[in-house]
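# Coordinate inspection notes
Residues per chain are reported as follows:
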Amino acid sequence: MSEAILAAEGLSKSFGAEAKRVTALDQVSLRARAGVVTGLIGPDAAGKTTFMRLAAGLLTPDAGRIAVLGLDATRDALKVQALLGYMPQRFGLYEDLSVQENLDLYADLQGVPRADRAPRYAELMHMTGLAPFMQRLAGRLSGGMKQKLGLACTLVRAPRLLLLDEPTVGVDPVSRRELWAIVDRLVRAEGMSVLLSTAYLDEAERCAEVILLHEGRVLDQGPPAKVSARTTGRVWAVTRPGTRSRDLQAQLEGRPGIVDALVQGEHVRVVTAAAELPAAIVDDKSIVVRAVPPRFEDGFIDMLRSRQPAAQHGTAAAAAADAAPPRTDNHDIVIRVEGVRRRFGDFWAVDGVDFQIRRGEIFGLLGANGAGKTTTFRMLCGLLPATAGRLEVAGLDLRHAAAAARQRVGYMSQKFSLYGILSVAQNLDFFASAYGLNGAARRTRIDWALTEFELAEFAEQASADLPLGFKQRLAMACALMHEPEIIFLDEPTSGVDPLARREFWQRINALARRGVTVLVTTHFMEEAEYCDRLAIMAAGKILATDEPAAIKARARSAEHPEPSMEDAFIGLIERAAGSSA
Amino acid sequence: MWRRILALVRKEFLALLRDPKSRIVLIGPPLIQLLVFGYAATFDLQEVPYAVYNEDRGAAARDLLAAFAGAPSFQKVADLHAEAEIAPLVDARRALVVVHIGPRFTADLLAGRPAPLQVIIDGRNSNTAMVAQNYVRSIVDRYNDGWIAARDRQGPPARLVMRAWFNPNLESRWFFIPGIIGMLTLVVTMLVTALTVAREREQGTFDQLLVTPLRPDEMLLGKMVPGFVIGFVQATAILLVATLWFRVPFLGSLPAFYVGLALFLLSSVGAGLLISALSATQQQGLLGAFVFMVPAVILSGFATPIENMPAFVQTLTLIDPLRYFLVVLRKVFLEGAGFALLVDQFWPMALIGVVTLVLAGWLFRHRMY
Amino acid sequence: MSPARGGAAMRLSGLLRKEFLQIVRDPSGIAIAFLMPIFLLVLFGYGVSLDADHVPVALVADAPSQDSADFLAALQGSHYFVPRVAGSLPEAEQALREGAVKGIIHLSADFSRRLRQADGAPIQVLVNGVDANTARLVEGYVTGAWGAWLAAQSARRGQKLDMPVDLQPRIWFNSELKSRNYLVPGLVAIIMTLIGALLTALVMAREWERGTMEALMVTPASMSEVLLGKLGAYFILGTGGMLLTVGLAVWLFGVPLRGSFWLLWGCASLFLLAALGMGLTISTLARSQFVAGQIAIIATFLPAFLLSGFIFDIGSMPAVVQAITHLIVARYFVAIVQTLFLAGNVWSVILPNAAALALMAAIFLGITWRKSRKRLD
């Protein structure tokens, strides 16, 4: 079972013209075993997609060779393509064709005999749960269903090797679980080999073997436990009674000797540089420390940070520490949502939603794809009028004073909507002016944004060419130009690598401590832990609104003594689905 | 408020012109097209290919043929020797006109009988045929006048004395080139405006704009200005080429031209932004632009006079801004018209502009997708 | 197990079905293929005509007399004119300036007297020369009316009109000189250019933008099969549009089809291949719908409209511009349809133009085929 199904040797690939040549892969050599799931793990722009495309024979390498199923993927591209299944990042579905028609097309293209189709379709539809939707247009499916249909299309003729390029980006946790169940089944029951790329580090632990890519080079390869193992004895759960874990995390992050600090429910997960606890923890007598077993993410972050100049993650942390002391005196309600409903045609996307958000609170809106959280969000931003109910932002009714409310709100969308063709400085300048800043005030804020978000060296670069993490920073800087008292963040970390995510949350925490109210939607369950309170939505209704700990506590049961946020979320959704069925 | 609009305008310009490909698309093709179309768009015939089938050896026939040979707009391609040679030549489009002189042509003339002159014209392009026929007729008329004068015979009791105002030589290029200014200005404003809102919607930046305190009228103004400025620059460049290169006379008042241009830009930018605001995707915007542009050109009276259209189509042309602008252009260029004669063209363009812009601005915030 | 010949047929039929379903699902494609032709054809067929009819003219007789009334009657007898009598020359000139009339026919005060003198009486004709073509038509019509009046006058007086050379023009193929008869066949070519290029200009770019091209590439389908699928589907759609326009031209507008219908079909197929090839080339080279669309706007409509010989005579253009028209696919097809409709199967026109179409099709499809390799870089 251990022969290499895929082997790369000295593989290099770069893109672009002479002056701006970008190296995507640099001398990559690796092997993937047959009959298991191999994970290709790495931050943004690590070269994951380029590697996948090389393996599928879609790109020609500059140097080196890649063999797939014993064939040269570059020279025998057609033969290789006939043997493998490949699902590109955007699933490769025709949105204007129905589920059935998409399957038929790929069955025709893969040469599946007509007689064999009915049983194969039945099997695939059963596996993916799409059987009731055979006649629905692919474009009308939810993100999770599209992804499963994409997978089914690549599986119409059982391939020997399955390549999945970030199959779980932008997909809710329930769908992610289902996808993994399918992949596991394929490997166990059909003996398929799978190569899967992902930026979700918890998924790495489900792979038999992982390949760590960073900036086009292989950092390491082996079972995920090997990566986790490097931080054995250096991982701690830290608490300080009376301090919110968010504040404690901000205080510890970036201090000497601390590699990583992460809010994890009621405690802060800390990875230290050495086996001994650093001064920052030892000196604070009120801190309670407990050693915990390492996980993959700890090892990965440790590995990445060890090759990064220390300064780079220091600044954001310093900014966080600089923040004014927490303002706790003011708890008035700044966002009020009462009985809000929104209809599209004869479908109620949001069906009676109520919640209130206090000043300086970080409030999370969680839900599966299609739960109605984006619609709720758009109504709060004044982008969509409510069919019924009352929306109040900063004390202003959105029905009457939308323009005045907008002046006090910052908004960052999940696509990091910037003018891609404009430079960083031009984007900042435009949004500053759009919010009515001018003269010295505008100059000051632009300078602030360039330094605070470390964008100065990119100031003249077109924002479309920025790496994703920097786009996210710029989008946030633009949303903060006018120092809003409320900020709306729509899936602000989707597709962004773990390092950029950490930095992002430090800034959000710092803002909240200064009294800025934050409303955020997210798919990442661990990010829900940063929130003061959460609302969990399904089918246009709110299932629960509470503090993260309380929501997790509801899911506590005999077999789950310490449920994760994801367990709690899935439990709630399943219970709601069960009661409505 | 003006600072915010200024920032918007700056952003729109950068978004349009920062990409070198867009700069080339916006500036190159319209100027090249003016040159090519300026030469192509004419109903005047040059070097009409004609063939001669002369069965008469007399001097009168020779004189008449000499008149054809001396006419600059005719070019002889063949001498035929049999009737059967005519059809293949015309069928193959090698000759547009065949002049057939019968064997008794000179004899008839000298005898004072009307001498028939048969002229065969290829009617596949009816307009070309009509023009060619007129050319032939004028050569024959001149020949007849000469014949009568030389023999001191009684001419017809009345003569026609033709005079054409504004365009004495009836050069159709003078008619078409001002039209091309209007057509290319329309194409350029469409390229600038029809996709802007749709592109921002696709990229998500439109939401970002909507959550700023910018008001729809400010956004509208920001989106209008680039179309205006680029349209002005483009039209001015084309105006210079038309007058300096093609030597089309410009007799009217420059202010009247620019007022007309401004109102036309108002209406075409309005139409472009309305299409853009209606479209959720760039593809829809593009198709919308096409669906508007093709009839707008055809119904404008550019090549075919509006008066020749049936009543219901004439009614349809009333909502076509290009229709009014073409009248303004031709009157200003060739007739030397001032404001007074153009008011009837000005207000409909202003009306179209205001209606489309108000609708577009309303759609900015109310078109949901 | 290896993909055999049957596999290729299955793949191709799958791709064809996919393209058709996409065409059916996207209303904009159907609109371009079927509604746009009907709309344009009706506009052109009914609405647009170069033939001036019922032209308003002003008649000014400085001293009204029986002679001037006779002349007015002759004008009224022609359906080309709607003459109205103006009181004075300045009044008529004002009407001409305002565009209320297209021409002025001026009979001076001594008209009746000079009519009976040796050198004859002048009839002044003033036309608005801005629209040179209409002006020329008006001049021609006035000449015709004048000739008829002269003939009637001489007949009444029992004189023989002295007309040394009697011009007898014969217009072949379109004896009534109906502009519809040549605009409508030409329109078939313009519409097919739009269908061919505009529809396909976006399809390849769309596959790239939506990421489906990547998924197609890793299937055993070869690039030629993908292209063939698209070409086949849009070829059939374009043939539908062609039959529709030809049918409308013949039955609704009564344009005679003198040549062979099958020959027309064959040439239209060659032309479609070239037009579709042009669209696919734009699409393949641009890879983005935005750029492809912009190029399509610039490269299709106006050039086909102005440079194909559809309205303006190519032979009258300067040599350089004539050379440029050889790059316009529509020009070859315009020549073919005008000949097939009005003249018949004239091989000396059809063969060279058809050969040019075949060459253009081969070039465009060749470029597309060469540029779409199964590689992303």
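A brief report on the enclosed structure follows.

Rules used throughout
Residues numbered from 1 in each chain as written. Chains lettered and ligands numbered in written order. Predicted model: local features only at pLDDT ≥ 70, side-chain atom pairs only at ≥ 80, totals over all residues. Heavy atoms only, no water. Helix = DSSP H or I, 4+ residues; strand = E, 2+ residues; numbered from the N terminus. Rg over C-alpha atoms; globule rule 2.2 N^0.38 Å. Buried < 20%, exposed > 50% of the residue type's maximum accessible area, 1.4 Å probe, protein only. Contact = heavy atoms within 4.5 Å. Areas by Shrake-Rupley, 256 points an atom, 1.4 Å probe, with all protein chains shown as cover. Lys, Arg positive; Asp, Glu negative; His and termini not counted. Charge placed at Lys NZ, Arg CZ, Asp CG, Glu CD. Expected span 1.5 Å × (residues − 1). Patch = residues over 30% accessible without salt bridge, like charges linked within 9 Å, V, L, I, M, F, W, Y side chains within 5 Å. Salt bridge = Lys/Arg side-chain N within 4 Å of Asp/Glu carboxyl O. Buried area = accessible area lost by both parts, 1.4 Å probe. Polar contact = N/O pair within 3.5 Å; in protein donor to acceptor, adjacent residues only side chain to side chain. Nonpolar A, V, L, I, M, F, W, Y, C, P; charged D, E, K, R; others polar. Pairing = 2+ DSSP bridges. Axes fitted to C-alpha atoms, helices over the stretch in contact; angles between N-to-C directions. Core = buried A, V, L, I, M, F, W, Y, C linked by side-chain atoms within 4.5 Å. Parallel < 35°, antiparallel > 145°, perpendicular 65-115°, else oblique. Left-handed = near helix turned anticlockwise from the far one by under 90°.

## As for the overall build of chain B
Of regular secondary structure, chain B possesses 15 helices and 5 strands. A compact globule built from 369 residues would reach a C-alpha radius of gyration of about 21 Å, whereas chain B, at 28 Å, exceeds it by more than 25%. By principal-axis analysis of the C-alpha atoms, chain B measures approximately 95 × 45 × 40 Å. Evaluated residue by residue, chain B yields a buried proportion of 63% over its 369 residues. In chain B, the proportion of contacts linking residues at least 24 apart, taken out of those at least 6 apart, comes to 80%. By element, 64% of the accessible surface of chain B is carried by carbon and sulfur atoms, the whole surface being about 13900 Å². The distance from the centre of the 32 positive side-chain charges to the centre of the 26 negative ones in chain B is 8 Å.

## Examining helix α7 (residues 172-193) of chain B
For α7(B), spanning 22 residues, the distance from its first C-alpha to its last is 32 Å, which sits close to the expected 32 Å at 1.5 Å a residue. Extensive coverage of α7(B) is indicated by the burial of 22 of its 22 residues.

## Side note on a positive patch on the surface
All names here are of chain C. Residues R287, R370, K371 and R373 make up a contiguous surface patch of positive charge. Structurally, K371 can be placed in helix α14 (residues 347-371). Owing to a relative accessible area of 51%, K371 belongs among the exposed residues under this scheme.

## Considerations on the environment of A:R295
Residue and element names in this part refer to chain A. Along the chain, R295 falls in the loop between β14 (288-291) and α11 (296-306). Taking the C-alpha atoms as reference, R295 lies 35 Å from A479; in sequence the two are 184 residues apart. The residues contacting R295, other than those within four sequence positions of it, are E205, S228, L262, Q264 and R269.

## As for the interface of chain C and chain B
In this complex, chain C contributes 104 residues to the contact, which on the side of chain B involves 103 residues. Note on chain C versus chain B: buried area summed over both sides is about 9700 Å², and carbon and sulfur give 68% of it. Counting every contact that joins chain C to chain B gives 1 salt bridge. Measuring nitrogen to oxygen at the nearest pair gives 3.3 Å for the salt bridge that ties B:D44 to C:R136. Remark: the boundary between chain C and chain B carries 4 residue pairs in polar contact (both at pLDDT 80 or more). By residue class, the composition of the side of chain C that touches chain B is 60 nonpolar, 25 polar and 19 charged. Bridge count for strand β4 (residues 115-122) of chain B against strand β5 (residues 165-172) of chain C is 8 bridges, and the pairing is parallel. Bridge pairing links B:D122 to C:W172 in β5(C).

## Details of unusual backbone geometry
All names here are of chain A. Its identity is not glycine, yet E166 carries a phi of approximately 40°, on the positive side. Residue position: E166 is located in the loop between β7 (161-165) and α6 (173-190). We classify E166 as buried; its relative accessible area is 13%. At E483, a residue that is not glycine, the phi angle is positive and equals roughly 45°. Tracing the backbone shows E483 in the loop between α17 (468-480) and β21 (486-490).

## With respect to the interface of chain A and chain B
Chain A puts 29 residues into the contact, and the matching count from chain B is 27 residues. Between chain A and chain B the total buried area reaches about 2600 Å² when both faces are included, carbon and sulfur atoms providing 60% of it. It is A:R406, A:Y419 and A:I421 that lose the most area in chain A upon contact with chain B, and together they represent 23% of the buried surface on that side. Taken together, the connections running from chain A to chain B amount to 2 salt bridges. The closest approach of N and O atoms between B:R10 and A:D429, which form a salt bridge, is 3.5 Å. Taken together, the connections running from chain A to chain B amount to 6 residue pairs in polar contact (both at pLDDT 80 or more).

## Looking at a nonpolar patch on the surface
Together, B:V343, B:W347, B:L351, B:V355 and B:L359 make up an exposed nonpolar region whose accessible area comes to about 480 Å². As for its placement among the helices and strands, B:V343 is situated in helix α15 (residues 339-366).

## Quick notes on the sheet that holds strand β20 (residues 409-412) of chain A
All names here are of chain A. If you trace the 6 strands from one edge of the open sheet to the other, you get β20-β21-β22-β17-β23-β24, paired in mixed fashion. Taken across any chain shown, the strands that pair with only one partner, and hence form the sheet edges, are β20 and β24 (541-546). Each neighbouring strand pair of the sheet contributes to a mean axis angle of 15°, computed without reference to strand direction. In the sheet, strand β23 (residues 533-538) pairs with β24 via 5 bridges, with the strands oriented antiparallel. Note on β24: the bridge partner recorded for M537 is I542. Running over the sheet, α17 touches β20 and β21 and is turned about 160° from β20.

## Section: the sheet that holds strand β11 (residues 235-239) of chain A
All names here are of chain A. Strand order in the open sheet formed by 4 strands is β12-β13-β11-β14, with antiparallel pairing between adjacent strands. Only two strands of the sheet have a single neighbouring strand rather than two, namely β12 (258-264) and β14. Each strand of the sheet is rotated relative to its neighbour by a mean of 25°, with strand direction disregarded. As defined by bridge partners, β11 adjoins β14 across 4 bridges and the pair is classed as antiparallel. In the sheet register, T239 faces β14, and the bridge partner there is V288. Contacts between helix α9 (residues 245-252) and the sheet are confined to β11, β12 and β13 (267-272), with β12 contributing the most and set at about 170° to the helix.

## Some details on the nonpolar core
Ranked by size, the top nonpolar core spans 326 residues in total, and within it A:L6, A:F51, A:F488 and C:F333 carry the most contacts. Per element, the largest residue contribution to this core is 20 residues, and it comes from helix α7 (residues 179-210) of chain C. Residues A:L186, A:V194, A:V227 and A:I301 belong to the second largest nonpolar core, which totals 59 residues.

## A look at the packing of α7(B) against helix α10 (residues 216-245) of chain B
Residues and elements named next belong to chain B. Their axes nearest at 9 Å, the elements α7 and α10 cross at an angle of 155°. Taken together, the axis directions place α7 and α10 in an arrangement best described as roughly antiparallel. Considering the relative orientation of α7 and α10, their crossing is right-handed. Mapping the contact onto sequence places I177, I181, L184, T185, V188, T189 and V192 in α7 and P226, G227, I230, G231, Q234, A235, I238, L239 and A242 in α10. Considering only residue class, the contact of α7 with α10 consists of 11 nonpolar, 5 polar and no charged.

## A few points about the pairing of β21(A)
All names here are of chain A. With 5 of its 5 residues buried, β21 lies for the most part within the structure. Side-chain alternation along β21 places I486, F488 and D490 on one buried face and I487 and L489 on a second face that is also buried. As paired elements, β20 and β21 share 4 bridges and run parallel to each other. Bridge assignment links V409 to a residue of β21, and that residue is I486.

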